[in-house]
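Now for the letters of each chain:
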Amino acid sequence: MTSPSGTPRIRPGRALLLVLLGVTMTVVAGVGACRSQPADDFGAPLTSPSAAPSAPARVPVRDGAPQPAAAVDVPSRLRIPALGLDAAVDAVGIDASTGDFAVPPRVDRVGWYRYGPGVSAAAGSIVIAGHVDSAAEGKGAFFRLGSLKAGDRAVLTGPDGRHRAFDVVARERYRKAAIPLDKYFARDGAPRLTLITCGGPFDARTRHYRDNVVVTATARA
Amino acid sequence: MRILSLRRAASLGVATLLGLGVAGALGSSPAHAKANSQVSVVHGIPGQPVDVYVNGKKTIPDFQPGKVAGPLSLPAGQYDIALTKPGDAVADALLTVDDAEVPGDANISLVAHLNASGEPALTPFVNDTGKLAAGQARLIVRHTAAAPAVDIRAGGEPVFEGVTNGKEGQADLDAGSVSADVVLAGGDTRVLGPADLDLKEGTATIVYAVGSAEAKSLDIVTQSIDGLHSAPGGVPSGDGGRADGNGSLPWYGVGAIGILLAALGLSRPAHARLLSRR
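Positions within a chain are numbered from 1, following the residues in the order the chain's sequence is written. Whichever chain is written first becomes A and whichever ligand is written first becomes 1, with later ones labelled in order. Reporting of local features is limited, given that this is a predicted model, to residues whose pLDDT is at least 70; pairs of side-chain atoms are given and counted only at 80 or more, and all residues count toward the totals for whole chains, interfaces and linings. The side-chain numbers reported here are obtained from all heavy atoms of the structure, hydrogens and water having been left aside.

J.: Even after reading the chapter, I still don't get the overall build of chain A, so can you show me in this structure?
T.: Helix numbers and strand numbers start at the N terminus; a helix is a DSSP run of H or I with at least 4 residues, a strand a run of E with at least 2. A tally of regular secondary structure across chain A gives two helices and 13 strands. Exposed residues in this analysis have more than 50% of their type's maximum accessible area, buried residues have under 20%, and partly exposed residues fall in between, with area computed by a 1.4 Å probe over protein chains only. Expressed as a percentage of the 221 residues in chain A, the buried residues total 42%. Any two residues whose heavy atoms approach within 4.5 Å are treated as being in contact. Taking as baseline every contact in chain A between residues at least 6 positions apart, the subset at least 24 positions apart corresponds to 60%. Accessible surface, chain A: about 11700 Å² in total, of which carbon and sulfur atoms supply 57%. Here the open area of atoms and residues is found with the Shrake-Rupley method and a 1.4 Å probe, where only the protein chains shown may cover a residue.

Shown next, in the form of structure tokens:
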């Protein structure tokens, strides 16, 4: 173990091992860091207007009697096989104190925006929002929403028990201050399902995520 | 020749420019022109179907009481409007309004109704189509009946008080169903209702009181204007921090250790060589 001169000699093999180990760790760390970055956005949500009705020959005339409230078109469940998700859907509106979407407080449930298009809508954006997580209850129904890929399927169950399937076409991430919500809450255009949750960096002081993650899926014919 | 051809080229160019300019002027409206107005016609005269003429042209034939027609898309300007008994000539109109002013880019309801003294009248109202906050609905009430001043109540509470013929009131409320009735101003004498009104979110619901108190023909006619909705202010959907996208921090640590180890490994043979050289 000692050289003829008597000084301790390091075997080159051990040094090489150290170098190899170090390089391997660096490469693995690099790959890991890259893979842990959120995936890039893809696709564009549909905003094309639905076909404009041709100009009527006669002026339309309607009855002026008060109209009864229209039948509710509430989805009862949302299923996304790619995420192993099968969540109950609540009909929700606006949080009166903030003017924000009233996402159901329970993280295993998701909320359908009851003022917008319903499950069988012929036009417009059916909006469902759910928690990515909560401090009180942990991971939410939409924890992995951002990992959906183009072509993944989402299925809504209507009040009559019938299903309506949608294909994912876009996933986008916006800072909350810059998200074009009017586009996602549009009541016209091609029929589509819009799924919204939180994402991006988390501010532990304000307990808010910086971004919203939005997945758009088009109705299957 | 050359000068001539140049001149000809120049004049051709001018002609082309003029042509383009004229075509451009014809093709696009001038910058100050306003968009068309949307005009709905409301029939609030009980028992009298009419033909509606706009500028001498029969526009809404056999228009029945209690109905709402339109909207018509009309450019700003002055219009002659006439109501006749169905099939009658314009000259024998029941009611004519000449040079009615239609402003540009407005939403207007033109209401055929009875005035306070029971005579037929045609009154234009401009509808507030301003955007509503998410979750809200707009209720507009208009007194267009031959009746005294009234209070309009929602859920038993007066919302609009002392409204007289030709006047209106409006409020933005939480969307939902309300039970509305109309009572004589300041009292509990119900003259109309109660009626269940579905105040749809993002929609203006306009309620007209029509008819005549004396003839016991009071009724309501409703009109709705949708598309006034706004998106919610935001979608707060997480406060746990578990989904923070910055999951790469631990990896940076591993990488740093790796670089240190590699550096150590490289430095040791050099160190050994230094030692062995002594």
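J.: I'm lost on the interface of chain B and chain A in this one. Help?
T.: Frequently, the measure chosen for interface size is the accessible area removed from exposure when the parts meet. Each partner contributes to the interface: chain B provides 54 residues, whereas chain A provides 60 residues. Should a side-chain nitrogen of Lys or Arg be within 4 Å of a carboxyl oxygen of Asp or Glu, the pair is scored as a salt bridge. In this structure, the connection of chain B to chain A is made through two salt bridges. We note a salt bridge from glutamate 201 of chain B to arginine 187 of chain A, for which the minimum N-O separation is 2.6 Å. Any pair of nitrogen or oxygen atoms within 3.5 Å is treated as a polar contact; in protein, a donor-acceptor pairing is required on top of that, and neighbouring residues in sequence qualify only through side-chain atoms on both sides. At the surface where chain B touches chain A, the tally comes to 24 residue pairs in polar contact (both at pLDDT 80 or more). Put simply, the parts of the chain that give the side of chain B that touches chain A at least two residues each are β3 (57-63), β4 (67-74), β14 (190-199), β16 (219-225) and α2 (249-277) of chain B. Tallying contributions element by element places α2 of chain B first for the side of chain B that touches chain A, with 15 residues.

J.: What exactly am I supposed to notice about a negative patch on the surface here?
T.: Residues and elements named next belong to chain B. Exposure above 30% relative accessible area and the lack of any salt bridge qualify a residue for a patch; like charges then connect within 9 Å, and the nonpolar side chains Val, Leu, Ile, Met, Phe, Trp and Tyr within 5 Å. Charge convention: Lys and Arg are scored as positive, Asp and Glu as negative, and His as well as the terminal groups of each chain are ignored. Every charge is mapped to an atom, namely NZ of Lys, CZ of Arg, CG of Asp or CD of Glu. Where like charges cluster on the molecular surface, the negative patch consists of Asp80, Asp98, Asp99 and Glu101. Broken down by element, the negative patch gets its largest block of residues, three residues, from strand β6 (residues 95-102). Of note, aspartate 99 is situated in strand β6.

J.: How should the sheet that holds strand β11 (residues 157-163) of chain B be read in this particular structure?
T.: Residue and element names in this part refer to chain B. Two strands make a pair as long as DSSP finds a minimum of two bridges between them. In spatial order, the strands read β11-β10-β13-β14; together these four strands make up an open sheet with antiparallel pairing. Either end of the sheet is taken by a strand with one partner, and the two such strands are β11 and β14. Across the sheet, the mean angle separating the axes of adjacent strands is 20 degrees when strand polarity is ignored. As judged from the four bridges shared by strand β10 (residues 150-154) and β11, these two strands associate in the antiparallel manner. Paired with valine 150 across the bridge in β11 is valine 163. Between N-to-C directions, angles cover 0 to 180 degrees, with each direction set by a line fitted to C-alpha atoms, over the stretch in contact for helices.

J.: Sorry, what's going on with the nonpolar core here?
T.: Definition of nonpolar core: a set of buried residues of the types Ala, Val, Leu, Ile, Met, Phe, Trp, Tyr and Cys, connected through side-chain atoms within 4.5 Å. The biggest cluster of nonpolar side chains holds 38 residues, and the ones touching the most others in it are Phe101, Tyr113 and Phe185 of chain A together with Val235 of chain B. When residues of this core are assigned to their parent elements, the largest contribution, four residues, is made by β14 of chain B. Listed in part, the 25 residues of the second largest apolar core include Ala69, Leu95, Leu110 and Leu122 of chain B.

J.: So what exactly am I meant to see when it comes to unusual backbone geometry here?
T.: Keep in mind that most residues, glycine aside, have a negative phi and that most peptide bonds are trans. Across the junction of glycine 70 of chain B and proline 71 of chain B, the peptide omega takes the value 5 degrees, indicating a cis bond. Among the structural elements, proline 71 of chain B can be located in strand β4. Residues glycine 193 of chain B and proline 194 of chain B are joined by a peptide bond in cis, for which omega reads 0 degrees. Counting through the fold element by element, proline 194 of chain B comes out in strand β14. Of note, arginine 207 of chain A is a non-glycine position whose phi angle comes to about 55 degrees, a positive value. As for its placement among the helices and strands, arginine 207 of chain A is situated in the loop between β12 (192-203) and β13 (208-219).

J.: Can you help me understand the packing of aromatic side chains in this one?
T.: For any pair of aromatic rings, geometry is given as the distance between the ring centres together with the angle between the planes. Residue and element names in this part refer to chain A. Aromatic rings from Phe, Tyr and Trp, taking only the six-membered ring of Trp, are treated as a pair when their centres fall within 6.5 Å; an angle between ring planes under 30 degrees marks them as stacked, one over 60 as edge-to-face, and anything in between as tilted. If you walk through the whole model with that rule in mind, you get six aromatic pairs over all chains. Geometrically, the ring pair formed by tyrosine 113 and tyrosine 115 is edge-to-face, given 5.5 Å between the ring centres and 90 degrees between the ring planes. Look at tyrosine 115 and you get buried, because its relative accessible area is 16%. Members of the aromatic cluster, joined through ring pairs, are Phe101, Tyr113, Tyr115 and Phe185.

J.: I tried to follow the environment of glycine 87 of chain B on my own but got confused; where do I start?
T.: All names here are of chain B. Among the structural elements, glycine 87 can be located in the loop between β5 (77-84) and β6. For glycine 87, a relative accessible area of 62% translates into the label exposed. Sequence spacing of glycine 87 and aspartate 51 is 36 residues, and the spatial spacing of their C-alpha atoms is 7.2 Å.

J.: Is there a simple way to explain the pairing of strand β7 (residues 107-114) of chain B in this structure?
T.: The side chains of a regular strand alternate between the sheet's two faces. All names here are of chain B. Counting buried positions along β7 gives eight out of eight residues, so the element sits mostly inside the fold. Burial along β7 is two-sided: the residues Asn107, Ser109, Val111 and His113 and Ile108, Leu110, Ala112 and Leu114 are all buried. Sheet analysis places strand β1 (residues 37-43) next to β7, joined by six bridges and oriented parallel. Paired with valine 41 across the two strands is leucine 110, which belongs to β7. Sheet topology places β7 next to strand β8 (residues 120-126); seven bridges connect them, and they run antiparallel. Note that in β8 the partner of leucine 114 across the bridge is proline 120.

J.: Help me understand the sheet that holds strand β15 (residues 204-210) of chain B, please; the structure alone is not making it clear to me.
T.: Pairing between the strands of a sheet is mediated by backbone hydrogen bonds and can be parallel or antiparallel. Residue and element names in this part refer to chain B. As summarised here, the arrangement of the four strands in space is β12-β9-β15-β16, forming an open sheet in which the pairing is mixed. Of all the strands in the sheet, just β12 (168-174) and β16 have a single pairing partner and so form its edges. Recorded for the sheet is a direction-independent mean angle of 20 degrees between the axes of neighbouring strands. Two elements, β15 and β16, share seven bridges in a ladder whose sense is antiparallel. Across the sheet, residue alanine 204 finds its bridge partner in β16, namely isoleucine 225.

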